[in-house]
Structure formats: structure tokens, C-alpha cells
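In case you want the letters, here they are:
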Amino acid sequence: MKADLAIVGAGYVGMPLAQAFAEGGNKVVLVDVQREVVDGINRGESHIGDVSSEAVKQLIDEHRLTATTDYAAVAGVEAILIALPTPLSTQREPDLAILKAAAAEIASHLRAGQLVVLESTTYPGTTRECIQPILERSGLRAGQDFHLAFSPERVDPGRADWTTQNTPKLVGGITSACTERATELYRRAIATVVPVSSPEAAEMTKLLENIFRAVNIALVNELAQLCERMDIDVWEVVEAAETKPFGFMSFKPGPGLGGHCIPIDPFYLTWKAREYDFYTEFIELAGKVNANMPYFCRSLISQALNHYAQKSLSGSRILVLGVSYKADIDDVRETPAEKIISLLQRAGSDVSYHDPHVEEFDGLRSSPYSPEMYDCVVIVTAHTAIDYDELIERAQLVVDLRNATGGNGARSGKVWKL
Ligand SMILES: NC(=O)c1ccc[n+]([C@@H]2O[C@H](COP(=O)([O-])OP(=O)(O)OC[C@H]3O[C@@H](n4cnc5c(N)ncnc54)[C@H](O)[C@@H]3O)[C@@H](O)[C@H]2O)c1
């Protein structure tokens, strides 16, 4: 198969993107370092929840999709899209090692006339200051010999209404010709493409979107802590505020941030801002409030055990229900469940977990669903596969950090809610 475009990184972003382009009539090659991921795709198996194995199998059989570990595959394509992880280092600074290594591989195969687009979330300036010089080691000039742009991915894993195909896509090139070329490419797979003036504008827009979520979640998490002290139901307050048809957008409190984006991306901007003697105080404050939530939740669990069962955390059997970072998906990256489990273990609790989507987690295996066997069941992630009314019947005590039990929980007399 001669591919039209290459997507580097066959993960949560790369897989749906490859499907969108292949179904849009393009031949796509996925390049990934993980041999087992590549072999799985070529057998017609998907490892990403949003992309079905049936869809992958069909695209493979029709020679519209293939996967490889060999970067040489980028040499013959028209466009190369980079969808690689952008983590933080242990000191919480941007770690672009993966991006840099991939850019160096791409540079050694780059051809005149190709388009390269970075999709990974990162600080403003990455495309021009970091990726462009590495690609130019090829001897080719960005904007003259090849096109270069940034186009942030906005996929929300597990979501069916807004997908890669119908979520508007931003594109900012290092020249206007680069923007036009990238816009033209994305129009083949994505319904609405929105050009912006530069890669920096596109990079900053993606961060604004994620910071907006981090800050608003922190605001409602802070309010949840105050409501607990004032004996007001924060869930009732948020639902009541939702009845205002304008000027309010609803965010829910919870046990803390999770996933590859919201807990990490804002700190890419914090780091970059320091270069300009600027301190991103909203981001830091939101980070502090959100990071405190697992500790606050531990104290709720402790209070609930004291109040309902005259028990302490030490020695109690606790079932954590749901460990993925959000409902109905299997992604455990940055999940607050990890912190909550470790805090409970440190307090001397005997902790098990049950998650219909996650078989193994943090050295534990998902336990059979027997809520009656525990002193307390803690709902960390509200998967829809669980019948919460039945849980209330069966469990001795429930701490509900997601309002999964709703009004029935409040009436039951054995549910303690965030
Ligand atoms: N997951 C999301 O919901 C989401 C949403 C929007 C934006 N993003 C951003 O998109 C980017 C990618 O995230 P993701 O969730 O798809 O990551 P991921 O970890 O799911 O996938 C990345 C893939 O890249 C592969 N890989 C790692 N190093 C490689 C290398 N040197 N060469 C080739 N392949 C390599 C990995 O094996 C993996 O399959 C990140 O910057 C992320 O912040 C993610």
C-alpha cells in the first residue's frame, strides 16, 4: 500500500485520526514504536476504545490503513501528522524528549514538498522553536521546501457526540501557505477546519481550553469543601445553577483531576511563562486546589466510617469503585484513584478495587463485585455499568465522590456524599 499520509503515534489521538482520514478516502500509515501495537493494528485489532476493531479490520483489509515501527514509511507520503505524548518530567517541567526524537527520525526521511503537522498539546513556540530546527537538519527549509503547522487535537475519549470528524479543528502554519496547505489536508477528513494566524496562536488556544477546565473544576472543588463545612449539598447547588440559561457553565466537583491533559498541560504554559517573567497564578492555584482533593476525600471516608460504623480507616476493608480517570473508559493515566488508594493504604485500610473496564491497576487486580463484603464502598469513578440503586441496597456504607447515587443516595441514610 502506498500511503498518502503518515500519523506518528498510534494512541488515543493517532488512532481516531487515522480512522477519520482513512474513512475520508486517504491511505494512512501509522508509525509507532510499540511492536505489539503495530502488529495488533495490522491484524485488525484496535487497542483504543473509541475505535472499533471491526473498523480497523475493514480498513486494513481494504488497504486503506497499515502500521509500522519503521520511520522510513514517512518518506513517501504527502503529509506527516505527529500525535505523540507530551508528559511532564518528575520536576513537573515539559518533557519533549519523545517529540524531539521523533522529529529527528522524520528529518532523516523528510522530502521536499511534504507537510508536517504537530498535534501534541504543548507550550506556545514548540513548533517553531523546537520542531522546526530539528526538521531543518534535513537541509530543507520550513515554509520554503516543506510546510509546517500546528493543529491541536481536541478528542474527548469515550465521547460519541463530538468525534474527531465533527469537532472543529484549528490550524496555524508558520507561513500562510503552510496554514492553507494544512487546512486543505484536514478538510479531507474533518467537517470544520478553522485557520488561525500562527502555530503559537493554535498552541495557546489548546492550552486556554484545558486551563479553562482545570480552573473551573478547581473553583467547584473549592466550593465543595466549603459546602461540606456548611452542610450544604454542593450537587444541589450546581444543578440549581445549571437552570440559568446564560452566563453559567456547569462543572462538577470530584476526587481530583485525571487523564493525560488537564492535570498536565496547564503546567506547560506555567513553565514557558517564566521565560517572560510571568507567573500563571490561576493555573497554580487551580493545581493546588485540585491536588488537595484526594486528601479531602480521604477525610470524608474517615468521617463516614466514624459516623456510620464507629470504625477507623485503619483496619477497615474498603472497596474503591471505578479507577479509570472518567466514566466508561479504561484510561487510568493520572487518575485520582491512585492517590486515594495510596492514602487509604497508608492509613492502614485494606483496599480492593472493582472496575469493569480496568483488569489490573497499581499492583492490584479488579475484585469481583461484592459490595456487601466491605466496610465501605467509595465511588471514585461513576461507570454506567454499575446499578447504583442496587449498590445502596447491598453495601454497608457508601462514600459517593461523584453523586452517582443521586437523590436515592441522600435518602438511603448510608451514603456520604462529597
Ligand atoms: N488522550 C487525549 O484525550 C488527548 C486529547 C487531546 C490532546 N491530546 C494530546 O495528544 C498527544 C498524544 O496523546 P495520546 O493520548 O494519543 O498519547 P498515547 O500515549 O495514547 O499515544 C502515543 C503513542 O505514541 C507512541 N510513541 C511513543 N514514542 C514514540 C516515538 N518516539 N515514535 C513513535 N511512536 C511513539 C506510543 O507507543 C503510543 O502508542 C499528547 O500531546 C496529548 O496531550 C490527548
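Just above, that's the structure.
Cut-offs applied
- Residues numbered from 1 in each chain as written.
- Predicted model: local features only at pLDDT ≥ 70, side-chain atom pairs only at ≥ 80, totals over all residues.
- Heavy atoms only, no water.
- Pairing = 2+ DSSP bridges.
- Helix = DSSP H or I, 4+ residues; strand = E, 2+ residues; numbered from the N terminus.
- Axes fitted to C-alpha atoms, helices over the stretch in contact; angles between N-to-C directions.
- Contact = heavy atoms within 4.5 Å.
- Near = heavy atom within 4 Å.
- Polar contact = N/O pair within 3.5 Å; in protein donor to acceptor, adjacent residues only side chain to side chain.
- Areas by Shrake-Rupley, 256 points an atom, 1.4 Å probe, with all protein chains shown as cover.
- Nonpolar A, V, L, I, M, F, W, Y, C, P; charged D, E, K, R; others polar.
- Buried < 20%, exposed > 50% of the residue type's maximum accessible area, 1.4 Å probe, protein only.
- Salt bridge = Lys/Arg side-chain N within 4 Å of Asp/Glu carboxyl O.

Below, the discussion takes up the sheet that holds strand β13 (residues 376-379). Spatially, 5 strands are ordered β10-β9-β13-β14-β15 in an open sheet, and the strand pairing comes out parallel. Looking at strand neighbours, the two that pair on one side only are β10 (350-354) and β15 (415-417), the edges of this open sheet. The sheet shows a mean angle of 20° between the axes of neighbouring strands, direction not considered. Relative to β13, strand β9 (residues 317-321) runs parallel, the two sharing 4 bridges. In the strand pairing of β13, L319 is matched with V377. The strands that helix α10 (residues 281-309) touches are β9, β13, β14 (398-400) and β15; relative to β15, the one it contacts most, it runs at about 150°.

Not every one of the 25 residues close to the ligand is listed here, only the nearest: V13, D32, Q34, Y71 and T86. One of the side-chain nitrogen or oxygen atoms of D32 is found 2.6 Å away from an oxygen atom of the ligand. In this structure, Q34 approaches the ligand through a side-chain N or O atom, which is 2.7 Å from an oxygen atom. Contact with the protein chains covers 90% of the free accessible surface of the ligand, which is 830 Å². Here the residues of the shell around the ligand are counted per class, giving 14 nonpolar, 7 polar and 4 charged.

In terms of burial, helix α1 (residues 14-23) is a largely internal element, 9 of the 10 residues being buried. What α1 keeps buried is the set G14, M15, P16, L17, A18, Q19, A20, F21 and A22.

Topologically, N221 is positioned in helix α7 (residues 199-230). Residue N221 is classed as buried on the basis of its relative accessible area of 0%. Of the polar contacts made by the side chain of N221, one reaches the side chain of N290; its length is 3.0 Å. Apart from residues lying up to four places away in sequence, N221 is in contact with P253, G254, V289, N290 and M293.

Strand order in the open sheet formed by 8 strands is β3-β2-β1-β4-β5-β6-β7-β8, and the pairing between neighbours is mixed. Each of the sheet's edge strands pairs with one partner strand only, and the pair in question is β3 (65-68) and β8 (193-195). Strand after strand, the sheet turns through a mean of 25° between neighbouring axes, direction not considered. Sheet topology note: the strand β7 (residues 169-173)/β8 ladder contains 3 bridges and is parallel. The partner of K169 across the bridge, within β8, is V193. Sitting on the sheet, α1 touches β1 (5-8), β2 (28-31), β3 and β4 (79-82), and the angle it makes with β2 is about 170°.

In this section: the pairing of β13. Note on strand geometry: in a regular strand, side chains alternate between the two faces of the sheet. Burial along β13 is two-sided: C376 and V378 facing one way and V377 and I379 facing the other are all buried. Bridge count for β13 against β14 is 3 bridges, and the pairing is parallel. What sits directly across from V377, in β14, is V398.

This brings us to the pattern of salt bridges. For the coordinates displayed, the defined rule picks out 23 salt bridges. Between R128 and E200 there is a salt bridge whose closest N-O contact spans 2.8 Å. Taken together, the positions of R128 in helix α5 (residues 126-135) and E200 in helix α7 put the pair 72 residues apart, joining distant regions of the chain. In this structure E200 comes out as partly exposed when scored by relative accessible area, which is 22%. Residues D233 and K417 are paired through a salt bridge, measuring 3.6 Å at the closest nitrogen-oxygen approach. In this pair, D233 is assigned in the loop between α7 and α8 (234-241) and K417 in strand β15, connecting sequence segments 184 residues apart. Classification of D233 by relative accessible area gives partly exposed; the value is 28%. Each member of the salt-bridge network shares a partner with another, and the members are D156, R159, D161 and K326.

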